[in-house]
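Descriptive analysis of the structure
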Amino acid sequence: MGVPNASEDLSSEMEVDAFRQLFPLRFFERHLAESIRPDGAVASANGSALVKIGSTTMLTAIKMEVMTPSFESPDEGCLAIDFHMPPICSPIVRPGRPAEASPVVSKQLSDTISSSRMIDLKELSLVSGKAAWMAYLDVYCLDADGALFDTALLSAVAALSHLQFPAVAMNDDGKIVLVSDEDGQKRAQEPVNKEKRKLTLKSIPFSLTCILHKNYILADPTAEEESIMETHVTIVLDTSGQLISLYKPGGPVLAYTSAIQDCVAITRQRVKELKSFLDNENSAMEV
Amino acid sequence: MEYVSPEGLRLDGRRPMEMRQIRAEIGAVSKADGSAIFEMGNTKVIAAVYGPREVQNRSQQISSHALVRCEYSMANFSAGDRMRKPKGDRRSTEISLVIRQTMEACILTHLLPRSQIDIYVQVLQADGGTRSACINAATLALADAGIPMRDLVTSCSAGYLNSTPLLDLNYGEDSAGGPDVTLGILPKLDKVTLLQMDSKLPIDLLENVMQLAIEGCKAIANYIREILLENTNQLEYRRGV
């Protein structure tokens, strides 16, 4: 990176505010390149997205299947989120020995998406009590270079915004079947989702991971930085500015509330950037 | 079911001797020592090579050669229906073994004793010919990692349906029940390293179908050489040579 490490000349007693004002570049984007490809990165899936923040790459694909809804919630479908770290993504992942981060990020992702109430599971219903959509969202990490949760969340959100429901109809046995493009089947019933083929996303969550080190805050760390400095804070905000989740799993640095508030402030800016980025990509796709 | 129309066109509009479009990219995974993405039509595969590095399991270390390991896995969403068990099932284990033995034959393992070379292949989209795409991607990834090899290994499949030899089968043609010949060769040395065949094929036709597959492999080898050359030019340019 071209930015010189001038901050090391200064005393380590410097306030976080001063640091932020003097070295805004180090405070914000660590990575020069960002790209999202919510343009059908996977052709065989119902929704997919390939997201790269710096070198960290995540490929998400959503596959829909029809299932019978549970007894307690006959009007709701289901969204199953799974995060995978295959051995290609990092030298520390070995086959047969899943990475430590894998189930952690997986759980964080499911929790964040369900608590953000981005998706109304009722939209996944087909026939009340009889049939509903089961959406399997699989996030594959293709290159693990830090800030895994941020990139995973962004790619899950991008894939959900790209998701298109397959067309279905009920056949004579009362079972739901997929309808192919050719008109080969009698349509006894047109389900509701025939008109509304995309999911409505309410408030979309975006996140930012920061590392706390002495009095510094490093936003969007790379894997190398994460391995050296262990205290990280992940903040998830939604587009309306509400705090959805705050995650600081221990670490050697004890943070003052001011540091956490600074992290929230940077995250707020990040949310604006990511939102406009996602909107641009989505509208570019529709063209 | 007609796989070759009377005009000589296949299900996807190709001619019997026509391969699908190939596309390759080197260096897709920054964390890996070598990596590549290889696409053959709709089949898309990503390979990453880590090595040579220290052997993780000391008891498996070989004092005169490098240890080559390979893992093949398919993403949950890669095939038509979502897969429950993408690796560890019999097919994946078999293909992992096949790829490992194929690549091991061409890596100069005696030059890297007491080390380990890991080849990981992940199928992102499967539309027939995943084995071949994996081998081609692994070759590129090994070259990107700078691992010494005797020659490139390229692979292609061929079959025989409706009395016509077909090159590079896609999933529809592969599941038609006809013979499926997968071939892996060292193009410069003109040696066959992998040959697998399913179903039944009259022995006098085997020669034909194999020859067709060899042509396919040679075409892929030419493409791979172009990609590697282009990559080297890029590296030179970045170094300011």
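Being a predicted model, the structure only gives us computed values, none of them experimental. (Residues numbered from 1 in each chain as written. Chains lettered and ligands numbered in written order. Predicted model: local features only at pLDDT ≥ 70, side-chain atom pairs only at ≥ 80, totals over all residues. Heavy atoms only, no water.)

1. Details of the interface of chain A and chain B
- Contact residues are listed per partner, giving 28 residues for chain A and 27 residues for chain B.
- Of the roughly 2300 Å² buried where chain A meets chain B, counting both sides, 55% is carbon and sulfur surface.
- Area buried by chain A at its contact with chain B is led by Lys63, Ile88 and Tyr140 of chain A, which between them contribute 26% of it.
- Taken together, chain A and chain B are joined by 1 salt bridge.
- Put simply, Asp145 of chain A and Lys31 of chain B hold a salt bridge, and the shortest N to O gap is 3.9 Å.
- If you look at where chain A meets chain B, you find 12 residue pairs in polar contact (both at pLDDT 80 or more).
- For the side of chain A that touches chain B, the secondary-structure elements that each account for two or more residues are β3 (56-67), β4 (78-84) and β6 (131-143) of chain A.
- No other element matches β6 of chain A, which puts 5 residues into the side of chain A that touches chain B. (Contact = heavy atoms within 4.5 Å. Buried area = accessible area lost by both parts, 1.4 Å probe. Salt bridge = Lys/Arg side-chain N within 4 Å of Asp/Glu carboxyl O. Polar contact = N/O pair within 3.5 Å; in protein donor to acceptor, adjacent residues only side chain to side chain. Helix = DSSP H or I, 4+ residues; strand = E, 2+ residues; numbered from the N terminus.)

2. Points about the layout of surface pockets
All names here are of chain A.
- A volume near 1000 Å³ is recorded for the second largest pocket.
- What lines the second largest pocket is a set of 32 residues, among which Ile92, Glu100, Ala101, Leu148 and Glu226 lie closest to the centre.
- Where the lining of the second largest pocket is concerned, the elements lending two or more residues are α3 (101-115), α4 (148-162), β9 (205-213), α5 (223-228) and β11 (232-238).
- For the lining of the second largest pocket, a count of residues per class yields 18 nonpolar, 7 polar and 7 charged. (1 Å grid on protein atoms, 1.4 Å probe; cavity = no way out; pocket = protein on both sides within 12 Å on 5 of 7 lines; lining within 4 Å. Points joined across faces, edges and corners; volume = space filled by probe spheres on them. Nonpolar A, V, L, I, M, F, W, Y, C, P; charged D, E, K, R; others polar.)

3. Side note on the UniProt feature "domain: Exoribonuclease phosphorolytic" (unreviewed entry) in chain A
- Annotation from UniProt places "domain: Exoribonuclease phosphorolytic" (unreviewed entry) at residues 40-166 and 204-252 of chain A.
- The distance from the first to the last C-alpha atom of residues 204-252 of chain A is 32 Å, and the span holds 12% helix and 51% strand. (UniProt positions renumbered as here; feature names shortened; annotations may be inferred.)

4. Some words on the packing of helix α1 (residues 90-106) of chain B against helix α2 (residues 130-145) of chain B
Residues and elements named next belong to chain B.
- Interhelical geometry of α1 versus α2 gives an angle of 45° and a closest axis separation of 11 Å. Classified by the angle their axes make, α1 and α2 are oblique. Considering only the axes of α1 and α2, their crossing is right-handed. Across from Arg91, Glu94, Ile95, Val98, Ile99, Thr102 and Met103 in α1, the residues of α2 making contact are Thr130, Arg131, Cys134, Ile135, Ala138, Thr139 and Leu142.
- Along the lines of polarity and charge, the residues of the contact of α1 with α2 split into 8 nonpolar, 3 polar and 3 charged. (Axes fitted to C-alpha atoms, helices over the stretch in contact; angles between N-to-C directions. Parallel < 35°, antiparallel > 145°, perpendicular 65-115°, else oblique. Left-handed = near helix turned anticlockwise from the far one by under 90°.)

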